[in-house]
Amino acid sequence: MTTDAGEPTLTIDELAARTGVTVRTVRFYGSKGLLPPPVIGPRRVGHYGPGHVARLALIEELRQQGMTLAAIERYLRQLPAGLSPDDLAIHRAVVASWAPEAVETVSRRELERRAGRPLGEEDVERLAAMNVVDPADDGTFRVDAGLLRLGVQLLDVPLSQETILAARKVLIEHSRAAAHELSQLLRGEVAERATQDVRSLSAHMQPLVVQALLTTFQRSLREELGEWLTGSRTD
């Protein structure tokens, strides 16, 4: 069975295996409304699509960051309606960035399981060039868990590796500039406070600032692409 876009769907067992959770967990999240209901196919079998995979991955990331079920419910309610799997993957990457360290060492088999697909040597080389994975001499890989899903999605984007790396450089440079300006503003605000207060404020501000940056960037990018496409049609 496939979605309207021609994408293959998963049974609940396949969804659980793909995302590394149990079937019971999938059903629990569904009962709480955290996961949309599956599409019911022949023989009353539920089928889950890419949106379920991305949303479940986001829920698990939030849980791993220590959020309670109630907090996860509030977070998901605040998300815009109709987010695509790619949008959800971006939110997951943002959530993963809250963690102080998201790098793990995994085997090739585990890397492919987390990627959700087989990875050829060229795929691994491109992921390494994007600093998503770092191959070791013993056959293992240091993986940035927060970037892996996005890195895998970029493997299918019809852009040259040079363009992807150039885009990454632009994002890093501008992100550091924004982080520097924001840190200067916060320093002025907390200069007279105790160290513990500063740490507490930083912990609360980080997800809010990152979410604000993400929302602003997505809106700006959408406007830029809209102007570009409009201009292309009038040329």
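Note that the structure is a prediction, hence the values are computed from the model and not measured.

*Asks:* Where do I start with the pattern of salt bridges in this structure?
*Replies:* In a structure, side chains of opposite charge can pair up when their charged atoms sit close to one another. Within this structure, the stated rule accounts for 7 salt bridges. Linking arginine 117 and aspartate 156 is a salt bridge whose minimum nitrogen-to-oxygen distance equals 2.9 Å. Here the residue arginine 117 occupies a position in the loop between α6 (108-115) and α7 (121-129), and aspartate 156 occupies one in the loop between α8 (145-154) and α9 (161-190), the gap between them amounting to 39 residues. For aspartate 156, a relative accessible area of 55% puts it in the exposed group. A network of salt bridges, in which partner residues are shared, links Glu104, Glu110, Arg113 and Arg114.

*Asks:* Any chance you could explain unusual backbone geometry here in plain terms?
*Replies:* The bulk of non-glycine residues show a negative phi, and the bulk of peptide bonds are trans. The backbone of arginine 44 sits at a positive phi, close to 60 degrees, despite the residue not being glycine. Summarising the element assignment, arginine 44 is placed in the loop between β1 (39-40) and β2 (46-47).

*Asks:* Explain the packing of helix α1 (residues 12-19) against helix α3 (residues 50-64) to me, please; I cannot follow it from the model alone.
*Replies:* The packing of two helices is summarised by the inter-axis angle and the distance between the axes. In the contact formed by α1 and α3, the axes pass within 10 Å of each other and the chain directions differ by 45 degrees. In terms of orientation, α1 lies oblique with respect to α3. For the crossing formed where α1 meets α3, the hand is right-handed. Contact with α1, carried on its side by Leu15, Arg18 and Thr19, involves His52, Val53 and Leu56 of α3 and no other residues of that element. Looking at the contact of α1 with α3, its residues break down into 3 nonpolar, 2 polar and 1 charged.

*Asks:* Can you walk me through the environment of valine 95 in this structure?
*Replies:* Within the secondary structure, valine 95 sits in helix α5 (residues 85-97). Counting along the chain gives 33 residues from valine 95 to leucine 62, while the straight-line C-alpha distance between them is 6.7 Å.

*Asks:* Is there a simple way to explain α1 in this structure?
*Replies:* Residues of α1 that are buried include every one of Ile12, Leu15 and Ala16, and no others. For α1, the arc enclosing every buried residue in end-on projection is 100 degrees, short of the 170-degree limit, so these residues lie on one face. Opposite the buried face of α1, at more than 90 degrees from it, the exposed residues are Asp13 and Ala17. For α1, the secondary structure elements touched by its buried residues are α2 (23-31), β2 and α3.

*Asks:* What is the right way to look at the confidence of the model for the chain in this model?
*Replies:* Detailed conclusions should not be drawn from predicted coordinates in areas where pLDDT is low. Put simply, the chain has an average pLDDT of 79, and 78% of its residues get 70 or more. Here residues 2-6 is a poorly scored stretch, pLDDT under 50, and it has 5 contacts once near neighbours within four places are set aside; other chains count.

*Asks:* Can you help me understand the side chain of arginine 55 in this one?
*Replies:* With respect to the helices and strands, arginine 55 occurs in helix α3. For the buried arginine 55, which has no salt bridge, the nearest side chain bearing the opposite charge is glutamate 73, at an N-O separation of 9.9 Å. Other than its neighbours up to four places away in sequence, arginine 55 contacts Leu34, Leu35, Pro36, Leu76 and Leu88.

*Asks:* Where do I start with the sheet that holds strand β3 (residues 103-106) in this structure?
*Replies:* Strand pairs in the sheet, formed through backbone hydrogen bonds, run parallel or antiparallel to each other. The 3 strands lie next to each other as β3-β5-β4, forming an open sheet whose pairing is antiparallel. Since the sheet does not close on itself, it has two edges, and those belong to β3 and β4 (133-135), each with one partner. Each strand of the sheet is rotated relative to its neighbour by a mean of 20 degrees, with strand direction disregarded. Pairing of β3 with strand β5 (residues 141-144), which is carried by 4 bridges, proceeds in the antiparallel orientation.

*Asks:* Is there a simple way to explain the pairing of β5 in this structure?
*Replies:* Each regular strand shows side chains that alternate between the opposite faces of the sheet. Burial along β5 is one-sided: the residues Phe141 and Val143 are buried and none of Arg142 and Asp144 is. Across 3 bridges, β4 lies against β5 in antiparallel orientation. Across the sheet, proline 135 pairs through a bridge with phenylalanine 141, a residue of β5. Counting the residues that bridge the hairpin from β4 to β5 gives 5 residues, and of these glycine 139 lies at a positive phi of roughly 90 degrees.

*Asks:* I'm lost on a nonpolar patch on the surface in this one. Help?
*Replies:* Residues Leu171, Phe217, Leu221, Leu225, Trp228 and Leu229 make up a contiguous nonpolar surface patch of roughly 600 Å² in combined accessible area. In terms of residue count, helix α10 (residues 195-234) provides more of the nonpolar patch than any other element does, 5 residues in total. Looking at the secondary structure, you find leucine 225 in helix α10. On the basis of relative accessible area, leucine 225 is assigned to the partly exposed category, the value being 39%.

Procedures and definitions
- Residues numbered from 1 in each chain as written.
- Predicted model: local features only at pLDDT ≥ 70, side-chain atom pairs only at ≥ 80, totals over all residues.
- Heavy atoms only, no water.
- Salt bridge = Lys/Arg side-chain N within 4 Å of Asp/Glu carboxyl O.
- Helix = DSSP H or I, 4+ residues; strand = E, 2+ residues; numbered from the N terminus.
- Buried < 20%, exposed > 50% of the residue type's maximum accessible area, 1.4 Å probe, protein only.
- Axes fitted to C-alpha atoms, helices over the stretch in contact; angles between N-to-C directions.
- Parallel < 35°, antiparallel > 145°, perpendicular 65-115°, else oblique.
- Left-handed = near helix turned anticlockwise from the far one by under 90°.
- Contact = heavy atoms within 4.5 Å.
- Nonpolar A, V, L, I, M, F, W, Y, C, P; charged D, E, K, R; others polar.
- Arc of directions from axis to C-beta.
- pLDDT = per-residue confidence, 0-100.
- Lys, Arg positive; Asp, Glu negative; His and termini not counted.
- Pairing = 2+ DSSP bridges.
- Patch = residues over 30% accessible without salt bridge, like charges linked within 9 Å, V, L, I, M, F, W, Y side chains within 5 Å.
- Areas by Shrake-Rupley, 256 points an atom, 1.4 Å probe, with all protein chains shown as cover.

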